[in-house]
Amino acid sequence: MIGTPVLHQTQYLSAPDEPPQILEFNPRMKEQECLSCLRRCRNVEEFKQVHAQVLKWGLFWNPFCASNLLATCALSNWGSMDYACSIFRQIDEPGTFVFNTMIRGQVNHMNFEEAVLLFDEMLERGVEPDNFTYPSLLKACALLRGLHEGMQIHGHLLKLGFESDLFVQNSLINMYGKCVEIELACAVFEQMEVKSVASWSAIISAHASLGMFYECLILFGEMSSEVCLRPEESIMVSVLSACTHLGALDLGKCSHGFLLRSINELNVVVQTSLIDMYVKCGCLEKGSYIFQTMAKKNRLSYSVMISGLALHGQDEEALRIFSEMLEEGLEPDDVIYVGLLSACSHAGLTDEGFQLFDRMKAEHGIEPTVQHYGCMVDLMGRAGMLNEALEFIKSMPLKPNDVIWRSLLNACRLHSNMEIGEIAAKHLFQLNSRNPGDYVVLSNMYAEAQRWEEAAKIRTEMGRKGLYQMPGCSLVEVGRSMYSFVSQDMSNPRCEGVYEMIHQMEWQLRFERYSPDTSQVLLDVDEEEKRERLKGHSQKLAIAFALIHTSKGSPIRIARNLRMCRDCHKYTKLISLIYQREITVRDRNRFHHFKDGICSCRDYW
C-alpha cells in the first residue's frame, strides 16, 4: 500500500486560528444544541448553516462536536465527501473515530482506493486502528478485488489481536470470497468460535459467486441445523441461485416455502430470484405467476422473465411482456434485447428477429454488442440461412469471437453443410479455441459424411492438444436429491435395475413403431453396436431411473450438459405418451416439455 495523502479538495468554511471569546457561553448546552441541529439536517445547504454556527460558537475545537460534524457530512445519504474532506483537513489531530468515519464514508461513496490510502495515512500519523476500522477497509479491498492489500490488512489486524472479532471475521470471509480465494475464506470461517447469520451469509455467497452450488446447499443445510439462526434474504438469494444452476426444483420450492413462512413481504430482489429459479428449473407457470403478482417490477424482473420465456420457446409471450414493460415506462437495456433475440431464434421468427435488431438501435439507442450479433447468427443458422449468416458475420463492425463462429459451426452440423462448416471451424482454430466441443462437432460432421480419415485426424489433434470432451451427463431430481448419469456408464451403482427398465421401455416402444436413429452414433461400427450405444445415452438412463423411483403420473425433470440428439428427442416424446408422464428436459440451449407424445419445441431446436 502506498502512503500518499489523498485530501486535496478545496476548503469550504475555515475555522479561525483561535476559538472566539463569547460572553455567557455554556459549552455543554451549545454541544447539545449543535447535535440537535445536525440531526435535523436534510441536505448539504442546511448542514453548511450548522457548520457556520459551530465555527461561530467556537465548538470546532471540541473533539466531540468536530467528530459529529464530520460524521454527519460523510455518512448521511445526502452527504458530500468533498465537503467532509475539507472538514477533515482542519482537524489538527484526528483520532481513530475520525479516520474510521472518513474510511467508511469513502467506501459508502464508492471511493475504494481513497479509503485504502486513508488507512495508510492513519498509520503514518501514528493513529492506532480499532475493530471498527477493518470492516469498511476490508469491504474496500473486496470491491477492488485487492487481494494483496487485503492480506496485508489481515496481517496487520492479527498483530493487533482483532482476529476474533465477529465483524472483522465476517469482513475477511467476504473479502477473500470476492477475491476468489475460497480456501482462505473457509479457513477464517472454520476458525470462528461463534458464527452469526452474517457469517453464514458471507461463506454461502462466496461459494455461490464461484459456481460452487453443491457446496452452497451443503452449507445451508449445516446452517439450518443451527436452531437459533434464522436465514436472512441475502442467504436465500444465494440458495435460490444454487437451486437454479443445479435445476433442483424441489429444493427451490422448499426455499420458497421457508421465505413465505419467515418474511412477511418479499422484496423485488428475492421475488426476481424466485422467478429465475422457477423458470430455469422448468416450472414456467409458477415463475409467471410470481411475476404477474409482483406489486412492483424493475427492469431486472422483466429481463429475467423475458429470458425465461425464451428458454421455454414462448416467443409470443416474451414479446408481449416486452410491450408491457415499455407501457410501464421502463427503458430496455442490451440484456433484454439478448433475451428477445434468443426467443426469436428458438421459435424460428427470423423476420421478427431482424425487426428487433434494427429497433434496438433506431428506437432505444442501444449499440449491438457481440452477444446481439451472436443471437442473429444463431437465428439465421437455425433457420438454415447459412450463406446469409456467413455474409452477416463478414459485414459485422465488430471482430467475430469464438461464440459467433461456434454458433455457425453448430448450425452447419444441424443442416449438414460441410463447406461453410469447415470455414467456421477454420476461424475457430485460428482463434486458438481450446473448446473440445469445436473439434468434436467437426469430427462428427466428417463422420456423418463417411469421411472417416478426416474425422480420425481431428480426434488425433484433440489428443495432441490434451483436449477431452466431457461425456453426456444428465441430472434427475428424485425425492429432493439430485442423481447424475453419464452416457454408457455401466459401473454406476444407481444403474442397478436401470438397464432392465430400459429393456422394458424399448419393448413398449416397439408397439409405437419406434426405430432407433443410428445415424446419431458417429462410430464406424455395425448397426447392432450402434443400437446398443443409443440405449446408454445419459438422458435415457435418467428417465429409466425416474420411472423406477417416482410414483405413477408424477412429472420427471432432467437437466443435461449437451444438446439433445434426435434419437433421444423422439424416444422421450414416445415415453411421455406410453407412461403418461410429463417430462421436462433442459439441454444446453433450451427447455423441452414432453407431454402426450408432443414436445413444446415443435421439433425446432
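Rules used in this analysis
- Residues numbered from 1 in each chain as written.
- Predicted model: local features only at pLDDT ≥ 70, side-chain atom pairs only at ≥ 80, totals over all residues.
- Heavy atoms only, no water.
- Axes fitted to C-alpha atoms, helices over the stretch in contact; angles between N-to-C directions.
- Helix = DSSP H or I, 4+ residues; strand = E, 2+ residues; numbered from the N terminus.
- Parallel < 35°, antiparallel > 145°, perpendicular 65-115°, else oblique.
- Left-handed = near helix turned anticlockwise from the far one by under 90°.
- Contact = heavy atoms within 4.5 Å.
- Nonpolar A, V, L, I, M, F, W, Y, C, P; charged D, E, K, R; others polar.
- Pairing = 2+ DSSP bridges.
- Right-handed = clockwise from strand over helix to strand, strands pointing away.
- Core = buried A, V, L, I, M, F, W, Y, C linked by side-chain atoms within 4.5 Å.
- Buried < 20%, exposed > 50% of the residue type's maximum accessible area, 1.4 Å probe, protein only.
- Phe/Tyr/Trp six-rings, centres within 6.5 Å; stacked < 30°, edge-to-face > 60°.

A closer look at the packing of helix 11 (residues 197–209) against helix 12 (residues 213–224)
Direction vectors running N to C along helix 11 and helix 12 enclose 165 degrees, while the axes themselves pass 8 Å from each other. Classified by the angle their axes make, helix 11 and helix 12 are roughly antiparallel. As for the relative orientation of helix 11 and helix 12, their crossing is left-handed in sense. Judged by residue contacts, Val197, Trp200, Ile203, Ile204, His207 and Ala208 of helix 11 engage Phe213, Glu215, Cys216, Leu219, Phe220, Glu222 and Met223 from helix 12. Per-class residue counts for the contact of helix 11 with helix 12 are 10 nonpolar, 1 polar and 2 charged.

Here's the deal with the pairing of strand 4 (residues 583–586)
As defined by bridge partners, strand 3 (residues 556–560) adjoins strand 4 across 4 bridges and the pair is classed as parallel. Counterpart to Ile558 in the pairing with strand 4 is Val585. On the question of chirality, the crossover connecting strand 3 to the parallel strand 4 by way of helix 30 (residues 566–578) is right-handed. As defined by bridge partners, strand 4 adjoins strand 5 (residues 591–595) across 4 bridges and the pair is classed as antiparallel.

Some points on the nonpolar core
Counting 151 residues, the largest nonpolar core has Tyr134, Leu274 and Leu408 as the members making the most contacts within it. Setting aside residues up to four positions removed in sequence, Leu408 forms contacts with Val377, Leu386, Ala389, Leu390, Ile393, Ile420 and Ala424. Core analysis: the second largest hydrophobic core is formed by 31 residues, Val476, Ala546, Leu547 and Cys565 among them.

Some remarks on the side chain of Ser67
By the element assignment, Ser67 lies in helix 3 (residues 63–75). Given a relative accessible area of 13%, Ser67 falls into the buried group. In contact with Ser67, not counting residues within four places along its chain, are Phe97 and Val98.

With respect to the environment of Ser407
By secondary structure assignment, the location of Ser407 is in helix 23 (residues 402–415). You can call Ser407 buried: its relative accessible area is 14%. Residues Ser407 and Leu379, 28 residues apart in the sequence, show an inter-C-alpha distance of 9.5 Å.

Remarks on the packing of aromatic side chains
Aromatic ring pairs are reported here in terms of the distance separating the ring centres and the angle at which the planes meet. If you walk through the whole model with that rule in mind, you get 16 aromatic pairs. Ring plane angle 85 degrees and centroid distance 5.2 Å describe the contact between Phe291 and Tyr302, whose orientation is recorded as edge-to-face. Highlighted residues: Phe291 in helix 16 (residues 284–293) and Tyr302 in helix 17 (residues 299–311), separated in sequence by 11 residues. Judged on exposure class, the residue Phe291 and its partner Tyr302 are both buried.

Examining the sheet that holds strand 1 (residues 473–478)
The strands making up a sheet associate through hydrogen bonds between their backbones, and the pairing can be parallel or antiparallel. If you trace the 6 strands from one edge of the open sheet to the other, you get 2-1-3-4-5-6, paired in mixed fashion. Each edge of the open sheet is held by one strand with a lone partner, namely strand 2 (481–486) and strand 6 (598–599). On the sheet, helix 29 (residues 538–549) packs against strand 1, strand 2, strand 3 and strand 4 and is oriented at approximately 15 degrees with respect to strand 1.

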